[in-house]
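# Chain and residue survey
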Amino acid sequence: ARSMNPEVAIEVNPHGITGQNRAWAAGLDHTQFLHWTDAFWTEEPNVPHLEPDGRLVSRIRSYKLARAFHNILLSGVAGNPVALAEDLAFNQTIAYAGEDPLRPETLRFLDFYRQHRNLYQGAEDDATVAVLRSYPSIAYDNAHAQLAAVLVEQALIQARVPFRLIFDEHLANLSRYKVLILPGSECLSDTQIAAIQDFVAKGGGLVATGDSGLYDDWYRRRLAPGLRQLLPGQQGGRGGRGRRAETEASPTVQTEYQQGRAAYISSVEFDGPLPDAAPYFAIQNRFWKNPKNASQIVDAVRWASRNSLPVSVSGPAYLVANPVHQSRERCSILHLVNYDNANVPAISGVDVSIPAAESRKLSKVTVLSPDAQGEAVLTVATDASGTHFQVPQVRTYSVVVLQWQ
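Residues numbered from 1 in each chain as written. Predicted model: local features only at pLDDT ≥ 70, side-chain atom pairs only at ≥ 80, totals over all residues. Heavy atoms only, no water.

## Quick look at helix H3 (residues 81-91)
Put simply, the rule is: When a residue's accessible area, from a 1.4 Å probe over protein chains only, is under 20% of the maximum for its type it is buried; when over 50% it is exposed; and in between it is partly exposed. Secondary structure counts use DSSP, requiring at least four H or I residues in a row for a helix and at least two E residues in a row for a strand, with both numbered from the N terminus.
Extensive coverage of H3 is indicated by the burial of eleven of its eleven residues. Considered for burial, the residues of H3 that qualify are Pro 81, Val 82, Ala 83, Leu 84, Ala 85, Glu 86, Asp 87, Leu 88, Ala 89, Phe 90 and Asn 91. Backbone geometry just downstream of H3 places Gln 92 in the positive-phi region, at approximately 60 degrees.

## A look at the pattern of salt bridges
Using the following cut-off: The term salt bridge refers to a side-chain nitrogen of Lys or Arg lying within 4 Å of a carboxyl oxygen of Asp or Glu.
Enumeration according to the criterion identifies 18 salt bridges in this entry. The salt bridge partner of Asp 190 is Arg 222, with a shortest N-O separation of 2.9 Å. On the criterion of sequence distance, the pair formed by Asp 190 in helix H8 (residues 190-201) and Arg 222 in the loop between strand E10 (205-209) and strand E11 (253-257) is long-range, its members being 32 residues apart. Residue Asp 190 is classed as exposed on the basis of its relative accessible area, which comes to 56%. Take Arg 222: its relative accessible area is 17%, and that puts it in the buried class.

## Notes on the pairing of strand E21 (residues 397-404)
In regular strands, side chains alternate between the two faces of the sheet. We apply this condition: Strand pairing follows a simple DSSP-based rule, namely that at least 2 bridges must link the two strands.
With seven of eight residues buried, E21 lies mostly within the body of the structure. Taken together, the seven bridges between strand E15 (residues 331-338) and E21 define a ladder with antiparallel strand orientation. Each bridged residue has a counterpart across the sheet, and for His 335 the counterpart in E21 is Val 399. As paired elements, strand E17 (residues 362-368) and E21 share six bridges and run antiparallel to each other. Bridge assignment links Thr 366 to a residue of E21, and that residue is Val 401.

## Some details on the sheet that holds strand E5 (residues 72-74)
In plain terms, the rule: Contacts between residues were defined by any pair of non-hydrogen atoms, one from each residue, lying within 4.5 Å. The axes are straight lines fitted to the C-alpha atoms, using for helices just the contacting stretch, and the angles between their N-to-C directions are given from 0 to 180°.
Taken together, the three strands give an open sheet; going across it, the order is E1-E2-E5, and neighbouring strands pair in parallel fashion. With one partner strand each, in any of the chains shown, strand E1 (11-12) and E5 form the two edges of the open sheet. Pairing between strand E2 (residues 39-41) and E5: three bridges, direction parallel. Paired with Trp 41 across the two strands is Leu 74, which belongs to E5. Helix H2 (residues 60-68) contacts E2 and E5 of the sheet and is inclined by roughly 145 degrees relative to E5.

Treat this as a map of the structure, not an account of what it does.
Structure (structure tokens):
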């Protein structure tokens, strides 16, 4: 199509990351076709909100899939302020407003986007942590590998640790990342294992859980663990399926390897009794609870990064953050979304810190929001540990703009 008209846009409707085993149920591998598309639809029912049992439901995974392949995600957000805020924070646009006529809430967010479009257009994600979504691991063992991936992602989302989703092909070049996370990534090829080992040897950080690297990319059991040099604490025998995502976690095993660091956590611990798996072992949002050992996972990531994550944001588990940078405007942007806006109309006193290693000289920090008129200028403090400021209030959605000199 593009050979006939380079201006053509191509969109498809494969849905996003919903917890389904897309290989088994639909014969799909997103990575095989999103290189050639500009936008894709997801009709998943994961309307962003906080459940009474603490489950934070979102479409963040699907947005991150789209960003990994330079696509825009089309999803239903009409009239829902949290969904509209999530769309702006993670999609960097309102891709599908829906409905005719548009609802007042949709118009309010569209007006905000139009007024500040320069902050969104061309923005690049600021994340030095990568989470691998291993296609063969999830295709062959969705009930365990995708559960581990979903729970690790949930821990990072609710701890406001910025991360990108990466896929098998991205292991060939990990230079932009400080930490790679393998959440139960059982099936790794020899080439991928060599790339991971090289990444750590050159100073990268690795956090691996469960059976990562115990199988090759055809789900054949390795005679010895593939990552044994990096993960001496990993038990090679699966036995009765070994330590799985639903079992008790053991202490983190930390290893210094050449210039880098590797941390191993034997399991990602589901908080409470596991729901029965749906057909095709779908890990739908009833599984999306913050894992019981979430702090262990986040602490391992911080240790592997040598405590140099790009930003730290305080707040409750239903406050989600996404940092990006806008080279054209010479600024960094922190998107803040309150996923429990229905019950908590405003979150007060959100502290933000940027470590000294990531800090540059700020000329101005302002807050914009569709919930308020105008912009507020924030007071900034700088010390040996970095740059610090406080966002007085986050209602549904706030955008913090850090202007660098």
